[in-house]
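Report on the structure
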Amino acid sequence: MNKHYIIPVFVPHLGCPHDCVFCNQRKIASSIVDITPRDVRYTIEKYLSFFRQNSFIEIAFYGGSFTAIDTKLQNDLLGIAYEYKAKGIIDEIRLSTRPDAIDEGILSNLKRYGVDTIELGVQSMDQEVLDASGRGHTIEDVYSSVELIKKNGFKLGLQMMIGLPKDTLNKDIKTAMKFIEMDPDCVRIYPTLVIKDTYLEKLLYNKKYKALETEEAVYISTILLTLFYLENINVIRVGLQVTENIQLGEDVVSGPFHPAFRQIVESNIYRQILDAYLKQKNIDTDKKELTITANSKEISNISGQKSSNINYLIKRYGFKKVRIYQGDVDMSHIYIEIDGICDKIDLKLYMKSYISEYI
Ligand code: SF4
């Protein structure tokens, strides 16, 4: 498969009339410089020089509300991206926007500029959470924009946040289930972080908001990621990307920030699968050796960060030793050998068993 590269272009929304509690764009507007078509061209050229030949290249306009910015600026920026797409230098264009910034006119404009994927910053499918987070849009806005995006033949991305004000585990699960019903092409899961100069920071200091602990965010994200995996929905991000400012002690005041957040969640899914398997089989594990053979791509997820899963299995089940080997195994199975007895495990089967207590 060709390597997939993304050229990220961040489009700030300086005049945004909304007040999302987690967003600092309005407060720091004076220090943000408006993006120009020349910046887009510069960014594209810079990234292209790093990419391998014959790769799949996508330009992504990030920033949360692309279609809410001035139409002329949208078209000027998209015009540059489209120029590269028309020449066959890049393959696709994606952008992210708000659910209430979509209508037929906007979509037909995006079509003219060859946009392929539209990601919606939905954040939650619970109105109370949306209101408490100052999102300024409704659940109905989500449904109607999803319908229009699909009807017009765009690929659909849905983004959700966990740990927003008034959010709960049940509401996160409900949001994920509604996402699944809408059948998106991709999903992103972001734990809420408290960023400097936001309303959430004020709420935090006034003790009206408490960010999730990393363990809680991992626990919730494990359930959500499993739900999406079971439905074969492509989750393209779990956790925020580390940038110069997105780091604890920099702009992140509080919250479940970890540079390897997704890997911790993926490892936790394996822990749940192994727990479900060992519980169901009721095998005598005391002082036995456990050998797991898996696809090479999954070895570090099975071991866990700093061998955390291996240590957990030894401590919880009394294994004398846990070994993990790579082998000729597809991604949907692993082999387990305990005391000379070997079993081929269907990962989804045990994901279902783990998730059954939550849905
Ligand atoms: S996150 Fe909310 S406040 Fe920030 S730019 Fe987007 S819509 Fe505006």
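In what follows, the structure referred to is the one given above.
Presented here is a report on the structure given in the accompanying data block. Everything numeric in this text was worked out from a predicted model, so none of it was measured.

**Re the overall build of the chain**
Helix and strand content of the chain: 12 helices and 13 strands. The C-alpha atoms of the chain give 22 Å as radius of gyration, which agrees with the globular expectation for 359 residues (21 Å, within 12%). For the chain, the spread of C-alpha atoms along the principal axes amounts to about 70 × 55 × 40 Å. Looking at the chain as a whole, 52% of its 359 residues are labelled buried. For the chain, contacts bridging at least 24 residues in sequence account for 76% of all contacts bridging at least 6. Of the roughly 17,600 Å² of accessible surface on the chain, 49% is carried by carbon and sulfur atoms. Here the chain holds 45 positive side-chain charges and 48 negative ones, and the gap between their average locations is 3 Å.

**Observations concerning the sheet that holds strand β8 (residues 234-238)**
Within the open sheet, the seven strands sit side by side as β1-β2-β3-β4-β5-β6-β8. Their pairing is parallel. The open sheet terminates on both sides in strands that have one partner only, identified here as β1 (4-10) and β8. Averaged over all pairs of adjacent strands, the angle between their axes in this sheet comes to 20 degrees, without regard to strand direction. As defined by bridge partners, strand β6 (residues 186-191) adjoins β8 across four bridges and the pair is classed as parallel. Within the sheet, the bridge partner assigned to Cys186 lies in β8 and is Asn234. With respect to the sheet, helix α1 (residues 37-48) is in contact with β1 and β2 (56-62), its orientation differing from that of β1 by roughly 155 degrees.

**Remarks on the pairing of strand β10 (residues 289-294)**
Looking at chain direction, β10 and strand β11 (residues 321-326) are connected through six bridges and run parallel. Residue Glu289 lies in a different strand from β11, and its bridge partner there is Lys321. Bridge analysis of β10 against strand β12 (residues 333-338) gives four bridges, and the strand direction is antiparallel. Looking at the pairing, Ile292 lines up with Ile336 of β12.

**Details of the sheet that holds β10**
Taken together, the four strands give an open sheet; going across it, the order is β11-β10-β12-β13, and neighbouring strands pair in mixed fashion. The open sheet is flanked by β11 and β13 (341-346), the only strands paired with a single partner. Between one strand axis and the next, the sheet turns through 20 degrees on average, direction left out of account. Here β12 runs beside β13; their pairing, made up of six bridges, is antiparallel. Within β13, the position partnered with Ile334 by the bridge is Ile345. In this fold helix α12 (residues 347-355) packs onto β12 and β13, with an angle of close to 75 degrees to the strand it touches most, β13.

**Regarding helix α6 (residues 169-182)**
Taking 1.5 Å as the rise per residue, α6 with 14 residues should run 20 Å; its terminal C-alpha atoms sit 20 Å apart, in good agreement. Residues Lys171, Asp172, Ile173, Thr175, Ala176, Phe179, Ile180 and Met182 constitute the buried set of α6. Close packing links the buried residues of α6 with β4 (117-123), α4 (127-132), α5 (139-151), β5 (155-162), β6 and α8 (214-230).

**Observations regarding the nonpolar core**
In globular proteins that are soluble, nonpolar side chains generally tend to be buried together. Counting 95 residues, the largest nonpolar core has Phe61, Ile118, Phe228 and Ile334 as the members making the most contacts within it. Looking at this core, the element that brings in the most residues is helix α9 (residues 261-281), giving 10 residues. Residue contacts for Ile118: discarding those within four places in its chain leaves Leu95, Thr97, Ile102, Leu107, Leu110, Ile149, Phe154, Lys155, Leu156 and Gly157. One finds Val21, Tyr190, Leu204 and Ala211 within the second-largest nonpolar core, a separate group that totals 13 residues.

**Here we look at the packing of aromatic side chains**
Enumeration over the complete set of coordinates arrives at nine aromatic pairs. Their ring planes at 75 degrees and their centres at 6.4 Å tell us that Tyr47 and Phe50 sit as a pair that is edge-to-face. Ring geometry for Tyr354 and Tyr358: centres 5.8 Å apart, planes at 70 degrees, overall edge-to-face. When its relative accessible area of 7% is taken as the criterion, Tyr354 is described as buried. Three or more aromatic residues link up through ring pairs in this structure, and these residues are Tyr5, Tyr47, Phe50 and Phe51. Directly above the ring of Tyr84 sits Lys87, whose terminal nitrogen or CZ lies 5.9 Å from the centroid. Taking NZ or CZ as reference, Arg271 lies 4.1 Å from the ring centre of Tyr312, over its face.

**Structural notes on the side chain of Ser133**
Within the fold, Ser133 resides in the loop between α4 and α5. Taking relative accessible area as the criterion, Ser133 reaches 0% and is therefore assigned buried. Here Ser133 is in contact with Asp19, Cys20, Val21, Leu164 and Pro165, once residues within four sequence places are set aside.

**Topic: the site of the ligand**
Lining the immediate surroundings of the ligand are Cys16, His18, Cys20, Cys23, Gln25, Ser65, Arg98 and Arg135. Among the residues forming the shell around the ligand, the class breakdown is three nonpolar, three polar and two charged.

**Quick look at the side chain of Asn268**
Along the chain, Asn268 falls in helix α9. Given the relative accessible area of 15%, Asn268 is considered buried. When residues no more than four places from it in sequence are discounted, the contact partners of Asn268 are Val218 and Thr222.

Scoring rules and cut-offs
- Residues numbered from 1 in each chain as written.
- Predicted model: local features only at pLDDT ≥ 70, side-chain atom pairs only at ≥ 80, totals over all residues.
- Heavy atoms only, no water.
- Helix = DSSP H or I, 4+ residues; strand = E, 2+ residues; numbered from the N terminus.
- Rg over C-alpha atoms; globule rule 2.2 N^0.38 Å.
- Buried < 20%, exposed > 50% of the residue type's maximum accessible area, 1.4 Å probe, protein only.
- Contact = heavy atoms within 4.5 Å.
- Areas by Shrake-Rupley, 256 points an atom, 1.4 Å probe, with all protein chains shown as cover.
- Lys, Arg positive; Asp, Glu negative; His and termini not counted.
- Charge placed at Lys NZ, Arg CZ, Asp CG, Glu CD.
- Pairing = 2+ DSSP bridges.
- Axes fitted to C-alpha atoms, helices over the stretch in contact; angles between N-to-C directions.
- Expected span 1.5 Å × (residues − 1).
- Core = buried A, V, L, I, M, F, W, Y, C linked by side-chain atoms within 4.5 Å.
- Phe/Tyr/Trp six-rings, centres within 6.5 Å; stacked < 30°, edge-to-face > 60°.
- Lys NZ or Arg CZ within 6 Å of the ring centre and 35° of its normal.
- Near = heavy atom within 4 Å.
- Nonpolar A, V, L, I, M, F, W, Y, C, P; charged D, E, K, R; others polar.

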